[in-house]
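Commentary on secondary and tertiary structure
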Amino acid sequence: MNVYIPILVLGGIAVAFAVFSVVVSSVIGPSRYNRAKLEAYECGIDPTPQPPGGGRFPVKYYLTAMLFIIFDIEIVFLYPWAVHLDALGVFGLAAMALFVFNVAVAYVYEWRRGGLGWE
């Protein structure tokens, strides 16, 4: 149990800091609201009126976000391979070549279907 005490102490410090930051910012921070602060920010463009209950976003935004996350996570798997390249040998090279091939096939598939085009 003595091994876990530093981890628990660090976790307690992190939680205490998070709670302290939120409480202090709500107490000390300015609370003057105006119309400009409460409006939605759309890159300097006047926001379009939304129907009651919020508007609907096209599914293309979510698909693009999911594609980014998927390919980003796949690329993160390359880092451990790059760090231990010398220790993995030929098996590691073959496994990573197969992995990169799979990622390339998925990328070409999405490219051909038009998932990467922004129209």
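Residues numbered from 1 in each chain as written. Predicted model: local features only at pLDDT ≥ 70, side-chain atom pairs only at ≥ 80, totals over all residues. Heavy atoms only, no water.

Under an unreviewed UniProt entry, the name given to the protein chain is NADH-quinone oxidoreductase subunit A, and the organism recorded is Rhodococcus ruber BKS 20-38. Recorded in UniProt under Subunit (unreviewed entry), the annotation for the protein chain is "NDH-1 is composed of 14 different subunits. Subunits NuoA, H, J, K, L, M, N constitute the membrane sector of the complex." Per UniProt, the protein chain carries the Catalytic activity (unreviewed entry) text "a quinone + NADH + 5 H(+)(in) = a quinol + NAD(+) + 4 H(+)(out)". (UniProt positions renumbered as here; feature names shortened; annotations may be inferred.)

Some thoughts on the overall build of the protein chain
Scanning the protein chain for helices and strands turns up five helices and zero strands. When the helices and strands of the protein chain are placed in sequence order, the string is α-α-α-α-α. Classification of the 119 residues of the protein chain by burial places 6% in the buried group. Of the roughly 10,900 Å² of accessible surface on the protein chain, 72% is carried by carbon and sulfur atoms. (Helix = DSSP H or I, 4+ residues; strand = E, 2+ residues; numbered from the N terminus. Buried < 20%, exposed > 50% of the residue type's maximum accessible area, 1.4 Å probe, protein only. Areas by Shrake-Rupley, 256 points an atom, 1.4 Å probe, with all protein chains shown as cover.)

A word on the UniProt feature "transmembrane region" (unreviewed entry) in the protein chain
Per the UniProt record, "transmembrane region" (unreviewed entry) is found at residues 6–28, 61–82 and 88–109. Secondary structure over residues 88–109 splits into 100% helix and 0% strand, and the C-alpha atoms at its two ends are 30 Å apart.

Digging into the packing of aromatic side chains
Going through the model one piece at a time under the given rule, you end up with three aromatic pairs. Geometrically, the ring pair formed by Phe77 and Phe99 is edge-to-face, given 6.2 Å between the ring centres and 90 degrees between the ring planes. Taken together, the residues Phe77 in the loop between α3 (59–76) and α4 (78–83) and Phe99 in helix α5 (residues 85–113) connect sequence positions 22 residues apart. One aromatic cluster is present, formed by Phe71, Tyr107 and Trp111 through successive ring pairs. (Phe/Tyr/Trp six-rings, centres within 6.5 Å; stacked < 30°, edge-to-face > 60°.)

Quick look at a nonpolar patch on the surface
Together, Met66, Phe68, Ile69, Ile70, Ile73 and Phe77 make up a nonpolar patch on the protein surface, roughly 600 Å² of accessible area in all. Residue position: Ile69 is located in helix α3. The class of Ile69 is partly exposed, set by a relative accessible area of 39%. (Patch = residues over 30% accessible without salt bridge, like charges linked within 9 Å, V, L, I, M, F, W, Y side chains within 5 Å. Salt bridge = Lys/Arg side-chain N within 4 Å of Asp/Glu carboxyl O.)

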